[in-house]
Amino acid sequence: MKGVLVLAGTPIGDITDAPARLGTELVAADVIAAEDTRRLRRLTQGLGVQPAGRVVSYFEGNESARTPELVDALVGGARVLLVTDAGMPSVSDPGYRLVAAAVERGIRVTAVPGPSAVLTALALSGLPVDRFCFEGFLPRKAGERRSRLVEVAGERRTLVYFEAPHRLDDTLAAMAEVFGAERRAAVCRELTKTYEEVKRGPLKELAAWAAEGGVRGEITIVVEGAPEPGPADLTPGELAGLVAEREAAGEHRKEAIAAVAAAVGLPKREVFDAVVAAKRGAAAQG
C-alpha cells in the first residue's frame, strides 16, 4: 500500500499561528523533509513535540537529487511530511518537484493548511483582493527584472511579489518606472512578527522610502492592478481584437461589435470600422 505525502504550512512569524494538526503530523510522519533542519528543530521545540520519524534536508540545492529517494519511501508506504522555513511548501519554496513526482506515481498528496505571506499581505494592503496573481521573486538582474515587469504592466489584477530587503529599493524604482509613479502599492515587512510593518502609498513614494535604507526582514510587495482602459486608450487593432475574442467564444460578429462598443463607450460604427481595417490589413499581409 502506497504512503501519503503531506505538505505542511508553517508559521510565517508568530509560532502560535501554527495549525493544531501540524504538531500531530510532525509526530506521526515516518519521514520529515525539511528545508532547514535547524529551523525544524526550533519549530518542534516551540510546539513541544518530538518527531519519531527520520529527518532529512530538502532544499533548493538537493531538491532534484533527493526527490527520487522520497518518492521511493512513499511507494514503500511511508508517510512523508514536507515542511519549509515559512508558509506553504511549493509556493516560492521547495516542493513542486516532489508533488509532481508523487502525482505521477499515483501517490496521495494532502496538506495541512497554514499561514500564507501572500494572502496575509494581500488582505492587509488595502488594495482590491477580488482578483490577484502571485508573481513570486523578480529576476535579480536589472534588465531581466524590467522585462518581467513590462510583461504584466497591463495586468488588471492585483499583483503580489516577494523580494529581498537589499533589492527592495531597486525593485520599487523599476515598478514606478514601468507601472507608473502613482500606481498604489503596499510593502509588507516582517508579517506577524514583533516588528511587523505595512507601508502604503504610490510607488514613487515607496521607492523613495526604500532608498533611504534600513529596511530589513521578510518583504512582500502588493501592487494595484492596471486601470481599465478608456475608449481613447484603445487602438483600432485592440478594438478588433476584443471583437475577435467574442467571435471565438461563439458570438456573431454583429452582436460582438455591439457588445464591445457598449463595453468601451464607443459608437458601433467606430468598432465596425476597426474590424474592417483589421481584416484589410490581414489580407494585405497575406
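Residues numbered from 1 in each chain as written. Predicted model: local features only at pLDDT ≥ 70, side-chain atom pairs only at ≥ 80, totals over all residues. Heavy atoms only, no water.

## Let's talk about the pairing of strand S3 (residues 54-57)
Then, in step 1: With four bridges joining them, strand S2 (residues 31-34) and S3 adopt parallel strand pairing. Counted as the bridge partner of Val-31 is Arg-54 from S3.
Then, in step 2: One crossover worth recording links S2 to the parallel S3 by way of helix H2 (residues 37-47), and it is right-handed. (Pairing = 2+ DSSP bridges. Helix = DSSP H or I, 4+ residues; strand = E, 2+ residues; numbered from the N terminus. Right-handed = clockwise from strand over helix to strand, strands pointing away.)

## With respect to the sheet that holds strand S6 (residues 132-137)
Then, in step 1: Across the sheet, which stays open at both edges, the five strands sit in the order S6-S7-S10-S8-S9 with mixed pairing between neighbours. Two strands close off the open sheet at either side, each with one partner strand: S6 and strand S9 (197-202). When the angles between neighbouring strand axes are averaged without regard to direction, this sheet yields 15°.
Then, in step 2: Summarising the sheet, S6 and strand S7 (residues 158-163) pair through five bridges and their orientation is parallel. Counterpart to Phe-134 in the pairing with S7 is Val-160. (Axes fitted to C-alpha atoms, helices over the stretch in contact; angles between N-to-C directions.)

## What about the environment of Thr-235?
Then, in step 1: You can see Thr-235 is positioned in the loop between strand S10 (219-223) and helix H9 (236-248).
Then, in step 2: Linking Thr-235 and Ala-274, residues 39 residues apart in sequence, is a C-alpha distance of 8.5 Å.

## Points about the layout of surface pockets
Then, in step 1: Considering only enclosed or pocket space, the largest pocket measures out at about 940 Å³ in volume.
Then, in step 2: Lining the largest pocket are 38 residues; nearest its centre among them are Ile-12, Asp-85, Ala-86, Gly-87 and Glu-218.
Then, in step 3: Only H2, helix H5 (117-125), S6, S7 and S10 provide two or more residues apiece to the lining of the largest pocket.
Then, in step 4: Among the elements that line the lining of the largest pocket, the one with the most residues is H2, at four residues. (1 Å grid on protein atoms, 1.4 Å probe; cavity = no way out; pocket = protein on both sides within 12 Å on 5 of 7 lines; lining within 4 Å. Points joined across faces, edges and corners; volume = space filled by probe spheres on them.)

## What about the pairing of S10?
Then, in step 1: For S10, a buried count of five out of five residues is recorded, marking the element as mostly surrounded by other parts of the structure.
Then, in step 2: Burial of S10 is two-sided: the residues Ile-219, Ile-221 and Val-223 facing one way and the residues Thr-220 and Val-222 facing the other way are all buried.
Then, in step 3: In this sheet, S10 lies alongside S7 in antiparallel orientation, the contact comprising five bridges. When the bridges of S10 are listed, Val-160 appears paired with Val-222.
Then, in step 4: Bridging between strand S8 (residues 184-189) and S10 involves five bridges; their strand directions are antiparallel. Looking at S10, one finds that Val-187 is bridged to Ile-221. (Buried < 20%, exposed > 50% of the residue type's maximum accessible area, 1.4 Å probe, protein only.)

## Overview of the packing of aromatic side chains
Then, in step 1: Scanning all chains against the criterion turns up two aromatic pairs.
Then, in step 2: Each ring, one from Phe-134 and one from Phe-162, has its centre 5.0 Å from the other, and the planes form 65°; the classification is edge-to-face. With Phe-134 in strand S6 and Phe-162 in strand S7, this pair connects stretches of sequence that are 28 residues apart.
Then, in step 3: Judged by its relative accessible area of 13%, Phe-162 is buried.
Then, in step 4: Every member of this aromatic cluster is reached through a ring pair, and the members are Phe-134, Phe-137 and Phe-162. (Phe/Tyr/Trp six-rings, centres within 6.5 Å; stacked < 30°, edge-to-face > 60°.)

## Brief notes about the pattern of salt bridges
Then, in step 1: Counted by the stated rule, this structure contains 16 salt bridges.
Then, in step 2: For Arg-21, the salt bridge is made with Glu-25, and the minimal N-O distance between the two is 3.7 Å. Residue Arg-21 and its partner Glu-25 are both found in helix H1 (residues 20-28); the two are separated by four residues, about one turn of the helix.
Then, in step 3: In this structure, Asp-36 and Arg-38 form a salt bridge, with 3.4 Å as the shortest nitrogen-oxygen distance.
Then, in step 4: What makes Asp-36 buried here is its relative accessible area of 19%.
Then, in step 5: Because the salt bridges share partners, they merge into one network encompassing Arg-21, Glu-25 and Arg-79. (Salt bridge = Lys/Arg side-chain N within 4 Å of Asp/Glu carboxyl O.)

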